[in-house]
Amino acid sequence: QVQLVESGGGFVQPGGSLRLSCAASGSAFTINSMGWYRQTPGKQRDLVAVITDRGLRNYANSVKGRFTISRDNDKNTVYLQMNSLKPEDTAVYYCRAFTTWNNFWGQGTQVTVSS
């Protein structure tokens, strides 16, 4: 099992920035990719950004150029730097970790962008 603890969500005005963190613990297996997803009420959970253990990154088109995903493999922690935030970025953001045979979710952290 992998436990994921997210932090860094909150309230910010449009144009502002937030940094999310997700620390993984408890796995006896190597964590391969880690990613961030987001979900709004009544909608599916969508990929925001993902990073492999080798540092390869993939972003949703809606966040390219504004969000940056990074990770510290020694700490099993993934980060999401969110800049130029827009009201449409408001959502619950979830961390996800992939091992060879399984994947795990964090509990989610609320991000609200509003004036």
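Structural notes, computed from the coordinates. (Residues numbered from 1 in each chain as written. Predicted model: local features only at pLDDT ≥ 70, side-chain atom pairs only at ≥ 80, totals over all residues. Heavy atoms only, no water.)

**What to know about the environment of T90**
Move 1: Tracing the sequence through the fold places T90 in the loop between β8 (77-82) and β9 (91-98).
Move 2: In sequence terms T90 and Y37 are 53 residues apart; their C-alpha atoms lie 12 Å from each other.
Move 3: Those residues in contact with T90, other than ones at most four positions away along the chain, are T40, Q110, V111, T112 and V113.
Move 4: A polar atom in the side chain of T90 sits 2.9 Å from the backbone oxygen of P87.
Move 5: Within the structure, the side chain of T90 is placed 2.8 Å from the backbone nitrogen of V113, a separation counted as a polar contact. (Helix = DSSP H or I, 4+ residues; strand = E, 2+ residues; numbered from the N terminus. Contact = heavy atoms within 4.5 Å. Polar contact = N/O pair within 3.5 Å; in protein donor to acceptor, adjacent residues only side chain to side chain.)

**Section: the pairing of strand β7 (residues 67-72)**
Move 1: Where burial is concerned, the two faces of β7 differ: the one with F67, I69 and R71 is buried and the one with T68, S70 and D72 is not.
Move 2: As defined by bridge partners, β7 adjoins β8 across six bridges and the pair is classed as antiparallel. Within β8, the position partnered with I69 by the bridge is L80.
Move 3: Hairpin geometry of β7 and β8 is characterised by an intervening segment of four residues between the two adjacent antiparallel strands and by a positive phi of about 50° at N76. (Buried < 20%, exposed > 50% of the residue type's maximum accessible area, 1.4 Å probe, protein only. Pairing = 2+ DSSP bridges.)

**Describing the pattern of salt bridges**
A side chain of one charge can pair with a side chain of the opposite charge if their charged atoms are brought near each other.
Move 1: Following the criterion strictly, the structure yields two salt bridges and no others.
Move 2: Close ionic contact of D89 with R38 constitutes a salt bridge, the shortest N to O distance being 2.9 Å. Taken together, the residues span a long stretch of sequence, with D89 in the loop between β8 and β9 and R38 in strand β4 (residues 34-39) at a distance of 51 residues. Accessibility classification places D89 together with R38 in one group, the buried group.
Move 3: We note a salt bridge from R66 to D89, for which the minimum N-O separation is 2.7 Å. Taken together, the residues R66 in the loop between β6 (57-59) and β7 and D89 in the loop between β8 and β9 connect sequence positions 23 residues apart.
Move 4: For R66, a relative accessible area of 11% translates into the label buried. (Salt bridge = Lys/Arg side-chain N within 4 Å of Asp/Glu carboxyl O.)

**Things to note about the packing of aromatic side chains**
Move 1: Taken as a whole and assessed by the stated rule, the structure comprises two aromatic pairs.
Move 2: Aromatic side chains Y37 and W105 sit 5.0 Å apart centroid to centroid with 70° between the ring planes, which places their arrangement in the edge-to-face category. Placement of the pair is Y37 in strand β4 and W105 in strand β10 (residues 103-105), with a sequence separation of 68 residues.
Move 3: Since its relative accessible area comes to 11%, Y37 is described here as buried.
Move 4: W105 gets classed as partly exposed once you look at its relative accessible area, which sits at 34%. (Phe/Tyr/Trp six-rings, centres within 6.5 Å; stacked < 30°, edge-to-face > 60°.)

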